[in-house]
Amino acid sequence: MYIYIYIYIYIHTNPQPPSPQQTEPHAETMSDQIARAEDCEKKAEKKLSGWGLFSSKYEDAADLFDKAANSFKLAKSWDQAGSTYIKLANCHLKMDC
């Protein structure tokens with residue numbers, strides 16, 4: 001008898017998780033990912049063409065190229081992701097010199 005009371009109280013005091021129809025999707029569309037990636041890639045190219053007084057421009061550009069490549073991967077744009085990873089590798093090579 002007490003177990004039934006406990007179950008009743010447990011069910012009515014703990015909120016139920018929302019159903020899949022009630023939740024909003026948090027995933028961005030592929031076009032949003034590509035736009036984000038292209039934006040990061042442009043910023044990285046701008047870092048490389050500018051002066052780096054306070055920090056290494058190659059480190060900053062490498063971070064931006066990494067973000068861009070990951071966004072391209074999420075958008076399943078494999079060719080653009082590969083070319084961005086090549087740019088990232090070149091930044092890492094220049095940082096070591």
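As shown above, the structure is provided for reference.
1. Side note on the overall build of the chain
Reasoning step 1: A tally of regular secondary structure across the chain gives four helices and zero strands.
Reasoning step 2: In sequence order, the secondary structure elements of the chain are arranged as α-α-α-α.
Reasoning step 3: Taken across its 97 residues, the chain has 20% of its residues classed as buried.
Reasoning step 4: Restricting to contacts in the chain with at least 6 residues of sequence separation, those with at least 24 account for 53%.
Reasoning step 5: Carbon and sulfur atoms provide 60% of the accessible area of the chain, an area that totals close to 7900 Å².

2. So, unusual backbone geometry
Reasoning step 1: A positive phi angle is found at lysine 76, which is not glycine, with a value near 60 degrees.
Reasoning step 2: Assignment of secondary structure puts lysine 76 in the loop between helix H3 (57–74) and helix H4 (78–96).
Reasoning step 3: Exposure remark for lysine 76: the relative accessible area of 54% places this residue in the exposed category.

3. Things to note about the packing of helix H2 (residues 30–49) against H3
Reasoning step 1: H3 packs onto H2 with a crossing angle of 165 degrees between their chain directions and a minimal axis gap of 8 Å. Between H2 and H3, the interaxial angle falls into the category roughly antiparallel. Here H2 runs over H3; the crossing is left-handed. Where H2 abuts H3, its residues Gln33, Ile34, Arg36, Ala37, Glu38, Cys40, Glu41, Lys43, Ala44, Glu45, Lys47 and Leu48 lie against Lys57, Tyr58, Asp60, Ala61, Leu64, Phe65, Lys67, Ala68, Ser71, Phe72 and Leu74.

4. Section: the nonpolar core
Reasoning step 1: In this structure, Ala44, Ala61, Ala62, Leu64, Phe65, Leu88 and Cys91 together form the largest nonpolar core, which totals seven residues.
Reasoning step 2: Put simply, the parts of the chain that give this core at least two residues each are H3 and H4.
Reasoning step 3: Examining the composition of this core, we find that four residues originate from one element, H3, more than from any other.
Reasoning step 4: Not counting chain neighbours up to four residues away, the residues in contact with alanine 44 comprise Ala61, Leu64 and Phe65.
Reasoning step 5: Core analysis: the second largest hydrophobic core is formed by five residues, Ala37, Cys40, Ala68 and Ala81 among them.

Thresholds applied
Here the residue index of a chain counts from 1 through its sequence in written order. Only residues with pLDDT of at least 70 are given local features in this predicted model, and only at 80 or more are side-chain atom pairs given and counted; all residues enter the totals for whole chains, interfaces and linings. Derived side-chain values reflect all non-hydrogen atoms in the structure, with water molecules and hydrogen atoms excluded from consideration. Helical segments are the DSSP runs of H or I of at least four residues, strand segments are the runs of E of at least two, and each set is numbered from the N terminus. Burial status follows relative accessibility: with a 1.4 Å probe on protein chains alone, a residue under 20% of its type maximum counts as buried, one over 50% as exposed, and anything between as partly exposed. Two residues qualify as a contact provided that any one of their heavy atoms is within 4.5 Å of a heavy atom in the partner residue. Computed by Shrake-Rupley with a 1.4 Å probe, the accessible areas treat only the displayed protein chains as cover when residues are assessed. Only the stretch in contact is used when fitting a helix axis, every axis being a line fitted to C-alpha atoms; angles between N-to-C directions are given from 0 to 180 degrees. These descriptions rest on fixed angle ranges, namely under 35 degrees for roughly parallel, over 145 for roughly antiparallel, 65 to 115 for roughly perpendicular, and the rest for oblique. Throughout, a crossing is termed right-handed when the near helix is turned clockwise from the far one, and left-handed when it is turned anticlockwise from it by less than a right angle. Each nonpolar core is a collection of buried residues, namely Ala, Val, Leu, Ile, Met, Phe, Trp, Tyr and Cys, held together in the definition by side-chain atoms within 4.5 Å.

Honestly, that's just the spatial picture; any functional story needs more than this.
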